[in-house]
Amino acid sequence: MIETTAPRCFALLPCAGVGSRSGAGLPKQYVSLAGRPMVAHTLEALAEVRRLQATLVVLAPDDDRFEAMLPGFAGERGWLCRRGGAQRADTVVGGLEELLARGAQADDWVLVHDAARCLVRPEWVDRLIDACLADAVGGLLALPIADTLKRAEGGRVAETLPRDDKWAAQTPQMFRIGLLREALARAGTAVTDDSSAIEAMGLRPRLVEGDAANLKVTWPSDFTLAERVLAARAKGRS
């Protein structure tokens, strides 16, 4: 009898951005929140997801901060490489190549997560894994849009858009390594999330309901909100 091994799950964290919109003066993943770099909170949550074989952090080639700010990360389940590119998609592709070089298989799953979504909870990641492990395509955390949507022209409202079928994409986004690698190769670097590349192949990723707290820290006001949430969580654990 030929033994088969169930596909494994890996997390991939693109961490090569410069955070130009944050106004922080340094890459936002290193901005201190609740006493630690933002990315440390993200990695702590992923480390609690036991079905993740490892988490790969993909840095820019010239990153000289990570090891000093997060000593002791690298190990059996914490992997590091410097294959980041100019665009997010370049960084993800570099990370996929690194995973394959480290023994991951094309049929294994990769959960790509934004380093700036530092409020992610392990149970949300587990919810995504539960929904997608048996799925033919994969999927992503997302949230139905509650706000009224406006299309703008010249700084004024051009029309109101229906929101009934609109979802806001979040991360992680979970796809087979080989499929995502092929999709990004076809789509190029203009795509802003991994699901877009999969969709361009004519596939329909599964939407898995996320959480409003799973925000992407982008603007200066987001840092204040994330700080408050992290401080409240820490107080709740004490």
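Scroll up for the structure.
A few points on the structure. Computed from a predicted structure; not experimentally measured.

Procedures and definitions
Residues numbered from 1 in each chain as written. Predicted model: local features only at pLDDT ≥ 70, side-chain atom pairs only at ≥ 80, totals over all residues. Heavy atoms only, no water. Buried < 20%, exposed > 50% of the residue type's maximum accessible area, 1.4 Å probe, protein only. Helix = DSSP H or I, 4+ residues; strand = E, 2+ residues; numbered from the N terminus. Arc of directions from axis to C-beta. Pairing = 2+ DSSP bridges. Axes fitted to C-alpha atoms, helices over the stretch in contact; angles between N-to-C directions. Contact = heavy atoms within 4.5 Å. Core = buried A, V, L, I, M, F, W, Y, C linked by side-chain atoms within 4.5 Å. Phe/Tyr/Trp six-rings, centres within 6.5 Å; stacked < 30°, edge-to-face > 60°. Salt bridge = Lys/Arg side-chain N within 4 Å of Asp/Glu carboxyl O.

Concerning helix α4 (residues 122-132)
All of the buried residues in α4 are Pro122, Trp124, Val125, Leu128, Ile129 and Cys132. With its buried residues spanning 165 degrees around the axis, α4 presents them on a single face.

Focus: the sheet that holds strand β5 (residues 78-81)
Picture the strands of a sheet paired through backbone hydrogen bonds; they go either parallel or antiparallel. Pairing in this open sheet of seven strands is mixed, and the strands run β5-β4-β1-β6-β10-β7-β11 from one edge to the other. Here the strands that pair on one side only, and so sit at the sheet edges, are β5 and β11 (206-209). Taken over all neighbouring pairs, the strand axes of this sheet differ in orientation by 30 degrees on average, direction set aside. The strands touched by helix α3 (residues 88-101) within the sheet are β1 (9-15), β4 (52-59), β5, β6 (109-112) and β10 (167-176), with β1 carrying the most contacts at an inclination of about 140 degrees. The strands touched by helix α5 (residues 177-187) within the sheet are β1, β6 and β10, with β10 carrying the most contacts at an inclination of about 120 degrees.

Some details on the nonpolar core
One finds Val39, Leu43, Val57, Phe66, Leu111 and Met174 to be the most contacted residues of the largest nonpolar core, which totals 30 residues. Breaking this core down by element, the ones donating at least two residues are β1, α1 (38-47), β4, β6 and α4. For Val39, the residues in contact, after removing those within four places along its chain, are Leu13, Cys15, Gln29, Tyr30, Leu70 and Ala115. In terms of nonpolar packing, the next biggest core, distinct from the first, is built from 24 residues, Ile177, Leu180, Leu184 and Ile198 among them.

Thoughts on α5
What sets the pattern is the α-helix's 3.6 residues per turn: residues three or four places apart point alike. Turning to α5, its buried residues are Ile177, Leu179, Leu180, Ala183 and Leu184. When α5 is viewed along its axis, its buried side chains cluster within an angular range of 160 degrees and face the same direction. Across α5 from its buried face, at more than 90 degrees, point the exposed residues Ala185 and Arg186. The elements touched by buried residues of α5 are β1, α3, β6, β10 and α6 (194-199).

Looking at the packing of aromatic side chains
Counted by the stated rule, this structure contains two aromatic pairs. With a centroid separation of 5.8 Å and an interplanar angle of 40 degrees, the aromatic rings of Phe10 and Trp79 are classed as tilted. Of this pair, Phe10 sits in strand β1 while Trp79 sits in strand β5; the two residues are 69 residues apart in sequence, bridging distant segments of the chain. Here Phe10 and Trp79 have matching classes, each one buried. Considering the side-chain rings of Phe66 and Phe73, the 5.5 Å spacing of their centres and the 80 degrees angle between planes classify their relative orientation as edge-to-face. Assigned by exposure class, Phe66 and Phe73 land together as buried.

Here's the deal with the side chain of His41
Residue position: His41 is located in helix α1. With residues near it in sequence (within four places) discarded, His41 still touches Leu33, Ala34, Arg36, Cys118 and Leu230.

Quick notes on the pattern of salt bridges
Taken as a whole and judged by the stated rule, the model has 17 salt bridges. Residues Arg36 and Glu44 are paired through a salt bridge, measuring 3.1 Å at the closest nitrogen-oxygen approach. Accessibility expressed as a relative area gives 36% for Glu44, which makes it partly exposed. The residue Arg186 makes a salt bridge to Glu182 at a minimum N-O spacing of 2.6 Å. Within this pair, Arg186 and its partner Glu182 are both found in helix α5, separated by four residues, close to a single helical turn. One connected set of salt bridges, linked through shared partners, spans Arg88, Asp114, Arg117 and Asp194.

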